Amino acid sequence: MARGRSRNQLLVPEARAVLEQMKFEVATQLGIQLPADGYYGNMTTRDMGLIGGNITRRLVQIAEQQIGVRI
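Now for a quick tour of the structure.

Analysis parameters
- Residues numbered from 1 in each chain as written.
- Predicted model: local features only at pLDDT ≥ 70, side-chain atom pairs only at ≥ 80, totals over all residues.
- Heavy atoms only, no water.
- Core = buried A, V, L, I, M, F, W, Y, C linked by side-chain atoms within 4.5 Å.
- Buried < 20%, exposed > 50% of the residue type's maximum accessible area, 1.4 Å probe, protein only.
- Contact = heavy atoms within 4.5 Å.
- Helix = DSSP H or I, 4+ residues; strand = E, 2+ residues; numbered from the N terminus.
- Expected span 1.5 Å × (residues − 1).
- Arc of directions from axis to C-beta.
- Salt bridge = Lys/Arg side-chain N within 4 Å of Asp/Glu carboxyl O.

1. Digging into the nonpolar core
Here is step 1 of the chain: Core analysis: the largest hydrophobic core is formed by eight residues, namely Met22, Val26, Ala27, Ile32, Leu34, Met43, Ile51 and Ile55.
Here is step 2 of the chain: Ignoring any residue separated from it by four or fewer positions in sequence, one finds Ile32 in contact with Ala27, Met43, Asp47, Leu50 and Ile51.

The following block contains the structure:
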């Protein structure tokens, strides 16, 4: 695998912008400053884990709301 490249691919490529926006929103709410240059190598594992965990929590909440509406 090439360095610095993720093998993860989004099923809906247009969702990338939404996920990036969510990342910044979550980081701001947690008081975590994301680097402006987009390089996360200097970020702590704890901070990135907090951001990722909160994004996952939000995505699950959104999915649960959508399922609840359809049933």
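Here the narrative resumes, following the displayed structure.
2. Regarding the environment of Met48
Here is step 1 of the chain: Structurally, Met48 can be placed in helix α2 (residues 45-70).
Here is step 2 of the chain: With 16 residues separating them along the chain, Met48 and Ile32 place their C-alpha atoms 9.1 Å apart.
Here is step 3 of the chain: If sequence neighbours within four positions are ignored, Met48 has contacts with Tyr40 and Met43.

3. Brief notes about helix α1 (residues 15-30)
The periodicity of an α-helix, 3.6 residues per turn, causes residues three or four positions apart to be oriented the same way.
Here is step 1 of the chain: Compared with the 22 Å implied by 1.5 Å per residue over 16 residues, the 23 Å span of α1 between its first and last C-alpha is a close match.
Here is step 2 of the chain: Taken together, the buried positions of α1 are Met22, Lys23, Val26 and Ala27. Looking straight down α1, one finds its buried side chains confined to an arc of 130°; they lie on one side. Among the exposed residues of α1, those pointing more than 90 degrees away from its buried face are Ala17, Val18, Thr28 and Gln29.

4. Digging into the pattern of salt bridges
Pairing between side chains of opposite charge can happen when the charged atoms of each approach one another.
Here is step 1 of the chain: For the structure on display, the rule yields two salt bridges.
Here is step 2 of the chain: The partner of Lys23 in a salt bridge is Glu20, with the nearest N and O atoms 3.1 Å apart. Here Lys23 pairs with Glu20, and both are found in helix α1, just three residues apart, close to one helical turn.
Here is step 3 of the chain: Glu20 sits in the partly exposed class, given a relative accessible area of 32%.

5. Thoughts on the environment of Gly52
Here is step 1 of the chain: Note that Gly52 resides in helix α2.
Here is step 2 of the chain: Using a relative accessible area of 30% as the deciding quantity, one classes Gly52 as partly exposed.
Here is step 3 of the chain: For the pair Gly52 and Lys23, spaced 29 residues apart in sequence, the C-alpha separation works out to 7.8 Å.

6. Regarding the side chain of Lys23
Here is step 1 of the chain: In this structure Lys23 comes out as buried when scored by relative accessible area, which is 15%.
Here is step 2 of the chain: For Lys23, the contacting residues outside a window of four places in its chain are Leu34, Tyr40, Ile51 and Ile55.

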